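The primary structure of each chain is shown beneath.
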Amino acid sequence: MDLLLHTCCGPCATYSTLYLAQKKFSPTMYYYNPNIHPYKEWEKRKDSLQSFAGLKQLPLIIEEEYELSEFLQRTVFHEHERCGFCYQMRLEKTALKAKELGFAWFGTTLLISPYQNRELICSIGRKLAQELNLSFCDEDLRPGFRKSQQLAREFELYRQGYCGCIYSERDRYYKSP
Ligand code: SF4
């Protein structure tokens, strides 16, 4: 089954693509992550994903436009609920791209992370699927999170130290007094 897989970075792609292939999916990875800040970090994660795609000969579509302004406009004044806007933005674009390219399924590597809100991601994904007459792949990838980190080390992929947005970069270092 052809699946357009929103992919946030190289490490998350490793186990996710392996596991989904075992489940009879043929994933095409799709890099669309306007949440990632700063630009050089966005580029590093893109490059590491490209290395992985080359290594494994997997199809990859890159959304070259860096829509940081749109991401910030959506999240400003909603900083505490920003993850919902972030998931919505990335899944919406993926679903529309899947529709445009004739994929019946779409999904996201965000479902590998134990730090993300699986219920929220799945509810957004299912709603979009219903609206666009697509299927959302809600496989729980979290049991493979450690393995994905191990594979990333083996493949010498860049491993990021924070989720992606400027707020998560701040929270990595700064603890409010
Ligand atoms: S913490 Fe992660 S999921 Fe939440 S808004 Fe920031 S980049 Fe997006």
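Residues numbered from 1 in each chain as written. Predicted model: local features only at pLDDT ≥ 70, side-chain atom pairs only at ≥ 80, totals over all residues. Heavy atoms only, no water.

(A) Structural context of the sheet that holds strand E4 (residues 105–108). Taken in spatial order, the 5 strands of this open sheet run E3-E2-E1-E4-E5, and their pairing is parallel. Among the strands making up the open sheet, the edge pair consists of strand E3 (60–62) and strand E5 (135–136). Relative to E3, strand E2 (residues 26–31) runs parallel, the two being bridged by 3 bridges. Looking at the pairing, methionine 29 lines up with leucine 60 of E3. (Pairing = 2+ DSSP bridges. Helix = DSSP H or I, 4+ residues; strand = E, 2+ residues; numbered from the N terminus.)

(B) Structural view of the packing of aromatic side chains. Applying the stated rule across the entire model yields 10 aromatic pairs. Centroid distance tryptophan 42 to tyrosine 66: 5.2 Å. Interplanar angle 45°. Geometry classified as tilted. Of this pair, tryptophan 42 sits in helix H2 (residues 39–56) while tyrosine 66 sits in the loop between E3 and helix H3 (68–75), and the two are 24 residues apart along the sequence. Tryptophan 42 gets classed as buried once you look at its relative accessible area, which sits at 2%. Through pairs of rings, three or more aromatic residues link up here, namely Tyr31, Tyr39, Trp42 and Tyr66. (Phe/Tyr/Trp six-rings, centres within 6.5 Å; stacked < 30°, edge-to-face > 60°. Buried < 20%, exposed > 50% of the residue type's maximum accessible area, 1.4 Å probe, protein only.)

(C) Representation of the pairing of E4 within the structure. Bridge count between strand E1 (residues 2–6) and E4: 4 bridges; the pairing is parallel. In the sheet register, leucine 4 faces E4, and the bridge partner there is phenylalanine 106. Both E4 and E5 contribute to a ladder of 2 bridges, which runs parallel. Within E5, the position partnered with phenylalanine 106 by the bridge is phenylalanine 136.

(D) Main features of unusual backbone geometry. In the segment running from histidine 37 into proline 38, the intervening peptide bond is cis, with an omega of -5°. Within the secondary structure, proline 38 sits in the loop between E2 and H2. In this structure, glutamine 57 takes a positive phi of about 55° despite not being glycine. For glutamine 57, the location among the structural elements is in the loop between H2 and E3. Assessed through its relative accessible area of 69%, glutamine 57 is described here as exposed. Non-glycine residue glutamate 156 carries a positive phi angle of around 55°. Relative to the elements of secondary structure, glutamate 156 occurs in the loop between helix H6 (145–154) and helix H7 (166–173). On the accessibility criterion, glutamate 156 (71% relative accessible area) is exposed.

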